[in-house]
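Residues per chain, in single letters:
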Amino acid sequence: MHNETQRRDVDAPRHYQPVGLNARAAISKRVPSRGALRPAWLVGLGSLLLAALPCTPANLPDGSDWSAFGANMSNQHFSPLTDINAGNVTRLGLAWYFDIPGVVLAASTPLEVDGTLYFAVGYSVIRAVDASTGALRWTYDPDVAGVAGEKMRKGWGIRGIGYAQQRVFAGTQDGRLLALDAASGKLLWSVMTIDAKDDRYITGPPLTFKNKVLIGHAGADVGPVRGYVTAYDMTTGNEAWRFYAVPGDPRKGFENDAMRMAAKTWHGHWWDFGGGGTAWNSMAYDAEMNRVYIGTGNGAPWNQKIRSPGGGDNLFLCSIVALDADTGKYLWHYQVNPGETWDYNAAMDIELATLTIAGRPRRVLMQAPKNGFFYVIDRDTGKLISAEKFVKVTWADRIDLTTGRPVEAANARYQSGETTIWPGGAGGHNWQPMSFNPQTGLVYIPAIEMPGYYNDKGIDFKHWQPARGMVLNLGINFGPVDDVPKNAGSSLLLAWNPLTQKPAWRVPMKAIWNGGTATTAGNLVFEGQADGRFVAYSADTGAPLWTFDAQTGIVGAPITYKVAGRQYVSVLTGYGGAGAALGSLSAQFGWDARTQPRRLLTFALDSRATLPPVPARLGTSAISDVEFIADPAAEKEGGVSYANNCFLCHGAAAISAGSAPDLRGSPAIVSADAFRQIVSRGALLANGMPRFENIGVDELAELRQYLRAQAATLRTSSPPP
């Protein structure tokens with residue numbers, strides 16, 4: 001930790017061992033109650049004009065604290081604070097910073113309550129620091145690596161935490177929901193929300209409301225998963241209710257009338273594949289109507305021809321579902337993609353507002369899901385008000401406002417066996433939060449422009465089965481994963497008017513994977529970017545007003561709060577995640593997993609702290625390998641194994657952008673024994689590298705051969721000086 005008056009705080013050295021509680025022994029044993037391909041990097045990856053008069057959102061706090069993932073009950077990522085504003089933001093400077101040790105994902109949204117800032121990184125390692133100085137108060141490490149097993153392969157770690165009743169709540173990769181005492185970091189209770197042996201895992205933030213905490217899970221990309229959300233009592237950890245997003249095996253009966261209704265929209269033996277529908281990201285609580293809204297994910301597998309032959313809407317995939325907050329009873333739903341088959345999930349953040357439409361106030365929710373349309377939906381009824389394209393969209397012509405359904409383009413469902421459409425699996429907007437400013441009436445979206453290629457030629461739909469132990473089971477052809485060119489996709493910060501359904505302004509950017517946004521009553525929008533800049537824009541015009549060099553890419557969303565009369569802005573830095581796995585497209589800024597700094601940065605007016613210098617970004621140097629002999633057949637097979645098991649962390653074509661080390665420069669690929677110890681036996685498990693005991697001897701040799709070949713290509717293209 002460093003602040004503006006001292007270069008080094010001796011109580012918080014730059015590198016340190018966790019000082020909090022190790023919870024491994026405290027893990028609850030409670031179980032839940034219940035042909036030729038295009039470039040493989042492409043795989044998976046009528047306007048209504050309304051009168052405008054934005055209204056002040058309900059349940060808006062005074063802004064001193066940022067106590068929820070979305071700042072307030074409306075989940076808007078908006079602060080009413082104005083001490084830092086468009087007129088003085090040029091005076092903003094670094095107040096303090098906190099160095100985070102290890103190769104970890106630092107992409108979550110921090111929380112601040114009563115002068116303490118709480119944040120989680122990597123596999124749910126949670127820290128509390130003084131919000132005005134950065135002094136460490138406590139650390140809690142749930143020891144996920146020691147207990148997660150195969151679930152370590154599924155994701156990069158946590159993206160958010162929850163707070164209520166002097167407690168901090170967090171999910172873990174292995175499926176636990178934790179409640180910690182906010183003052184001490186002591187574990188109060190832990191409950192296992194999933195089956196330890198299934199393909200579910202948790203990366204999203206819990207939602208707190210009344211005396212309950214709600215948590216979902218991920219996993220529909222990797223195995224036979226049936227999605228659900230579970231509400232627990234904040235005090236005891238006892239289960240209050242559970243809602244499944246898709247129906248199960250009809251022979252076992254249905255949990256409720258909603259599942260009975262949903263089952264009529266499926267065909268075949270969908271339950272054998274799980275069905276999907278995971279609520280893996282942000283959710284919202286509506287205090288006005290005592291409802292929770294969940295956004296559900298893609299099908300399991302993606303390809304509908306496999307999971308539901310004969311089609312059908314497949315409820316409640318890719319839907320926004322309203323539930324009674326006390327009982328979890330189904331109230332209504334709106335499905336953005338009936339019969340989804342592209343990974344166009346609706347798990348993006350849901351933001352609530354009251355807007356004046358056609359002369360009268362309407363309680364609405366807004367979402368910019370992956371499919372590229374921006375939706376305004378009536379919260380009372382679930383009926384669609386408007387929907388328009390906010391990025392390039394070719395899979396559908398429009399959304400029919402009478403039926404609420406998309407008018408799909410020809411061959412959008414790859415009926416011919418293949419198709420290229422916009423957007424791809426990364427979506428027009430991913431999990432990085434957007435924000436809504438009630439004063440400007442604009443939504444600020446970290447948007448993505450990139451196509452996707454889908455191919456299921458040669459797949460036996462009747463007999464396809466998910467392969468156990470693989471990272472991805474999509475039901476489409478996948479791999480090897482070629483390099484992704486720098487110009488294959490782009491991004492933008494988009495200011496969107498939800499009333500006119502038109503852009504107000506836009507800021508184009510390189511690559512596709514930037515940070516979430518936060519906006520304030522000071523007419524500001526803050527966003528961290530892939531190129532390492534943290535920028536403040538004018539909320540009404542988009543003019544850049546202030547920039548800070550964070551020395552590494554930023555994926556998380558910023559927050560702002562006030563302590564002792566002084567306003568601060570904080571953001572986590574460090575590049576990683578799915579969008580950092582796209583080869584040259586992601587790696588163009590030179591971030592290295594081992595050397596890029598991961599930090600919590602905090603700013604205030606007239607502060608003058610500075611970051612220490614960092615090494616020049618020179619890119620990866622290939623490891624010397626004098627005994628390498630090319631073997632194209634083995635390298636091809638190894639490329640398939642790499643696509644199935646490795647690329648989401650180590651990057652397409654083994655070109656890493658910061659999530660995990662670039663293996664082309666690793667000494668481990670030169671030594672067969674070292675490679676086996678790491679990959680098959682888990683020698684680096686404590687560092688976050690999963691164990692792949694399912695990879696056999698021959699496949700392991702092919703995988704190593706592929707990596708050695710990629711290193712040889714790098715040596716040839718970038719010879720030493």
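Summarised in this report is the structure supplied together with it. In this text, all values refer to a predicted model and were calculated from it rather than measured experimentally.

## Considering the packing of helix H5 (residues 632-645) against helix H8 (residues 697-717)
Orientation of H5 relative to H8, taken along the N-to-C sense of each, is 95°, at an axis distance of 7 Å. Taken together, the axis directions place H5 and H8 in an arrangement best described as roughly perpendicular. Here Ala 634, Glu 635, Glu 637, Gly 638, Gly 639, Ser 641, Tyr 642 and Asn 645 of H5 come into contact with H8, specifically with Glu 699, Glu 702, Leu 703, Gln 705, Tyr 706, Leu 707 and Ala 709. Considered class by class, the residues forming the contact of H5 with H8 number six nonpolar, five polar and four charged.

## What to know about the nonpolar core
One broad rule of soluble globular proteins: the nonpolar side chains tend to lie buried together. Of all hydrophobic cores here, the largest spans 104 residues; its most connected members are Tyr 293, Met 366, Phe 374, Tyr 375, Phe 390, Trp 395 and Ile 445. Those residues in contact with Ile 445, other than ones at most four positions away along the chain, are Ala 368, Phe 374, Phe 390, His 429, Met 434, Leu 492, Leu 493, Leu 494 and Trp 496. Counting residues in hydrophobic clusters, the runner-up holds 37 residues, among them Tyr 118, Val 168, Ala 182 and Leu 187.

## Details of unusual backbone geometry
That bond from Ala 300 to Pro 301 is cis: its omega, -5°, falls within 30 degrees of zero. Note that the residue after Trp 422, namely Pro 423, is joined by a cis bond; omega there is -15°. Relative to the helices and strands, Pro 423 resides in the loop between strand E29 (418-421) and strand E30 (435-437). One non-glycine residue with positive phi stands out, namely Cys 318, at about 45°. Turning to its location among the elements, Cys 318 is positioned in the loop between helix H3 (304-307) and strand E21 (319-324).

## Focus: the packing of aromatic side chains
Think of a pair of aromatic rings as described by two things: how far the centres are apart, and how the planes are tilted against each other in angle. One pass over the full model with this rule turns up 31 aromatic pairs. Considering the side-chain rings of Phe 209 and Tyr 285, the 5.1 Å spacing of their centres and the 20° angle between planes classify their relative orientation as stacked. With Phe 209 in strand E13 (residues 207-209) and Tyr 285 in strand E18 (residues 284-286), this residue pair connects regions lying 76 residues apart in the sequence. Given the relative accessible area of 1%, Phe 209 is considered buried. Between Trp 342 and Trp 395, the aromatic rings sit 5.4 Å apart at their centres with planes inclined by 40°, giving tilted as the arrangement. Highlighted residues: Trp 342 in the loop between strand E22 (330-335) and strand E23 (351-357) and Trp 395 in the loop between strand E26 (384-389) and strand E27 (396-399), separated in sequence by 53 residues. You'll find Trp 342 and Trp 395 in the same group, each marked buried. One aromatic cluster is present, built from ring pairs that chain together Tyr 334, Trp 342, Tyr 344, Phe 373, Tyr 375 and Trp 395. One residue, Arg 159, lies across the ring of Trp 431, its end atom 5.1 Å from the ring centre. Lying over the aromatic face of Tyr 244, Arg 226 brings its terminal NZ or CZ to 3.8 Å of the ring centre.

## Concerning H8
Quick reminder: α-helices carry 3.6 residues per turn. Residues three or four places apart thus point the same way. Its 21 residues give H8 an end-to-end C-alpha distance of 31 Å, which sits within 8% of 30 Å, the value for a rise of 1.5 Å per residue. Looking at H8, one finds that the buried residues are Leu 700, Leu 703, Arg 704, Gln 705, Tyr 706, Leu 707, Arg 708, Ala 709, Gln 710, Ala 711, Ala 712 and Leu 714. Buried residues in H8 make contact with H5 and helix H7 (672-679).

Criteria and thresholds
Residues numbered from 1 in each chain as written. Predicted model: local features only at pLDDT ≥ 70, side-chain atom pairs only at ≥ 80, totals over all residues. Heavy atoms only, no water. Axes fitted to C-alpha atoms, helices over the stretch in contact; angles between N-to-C directions. Helix = DSSP H or I, 4+ residues; strand = E, 2+ residues; numbered from the N terminus. Parallel < 35°, antiparallel > 145°, perpendicular 65-115°, else oblique. Contact = heavy atoms within 4.5 Å. Nonpolar A, V, L, I, M, F, W, Y, C, P; charged D, E, K, R; others polar. Core = buried A, V, L, I, M, F, W, Y, C linked by side-chain atoms within 4.5 Å. Buried < 20%, exposed > 50% of the residue type's maximum accessible area, 1.4 Å probe, protein only. Phe/Tyr/Trp six-rings, centres within 6.5 Å; stacked < 30°, edge-to-face > 60°. Lys NZ or Arg CZ within 6 Å of the ring centre and 35° of its normal. Expected span 1.5 Å × (residues − 1).

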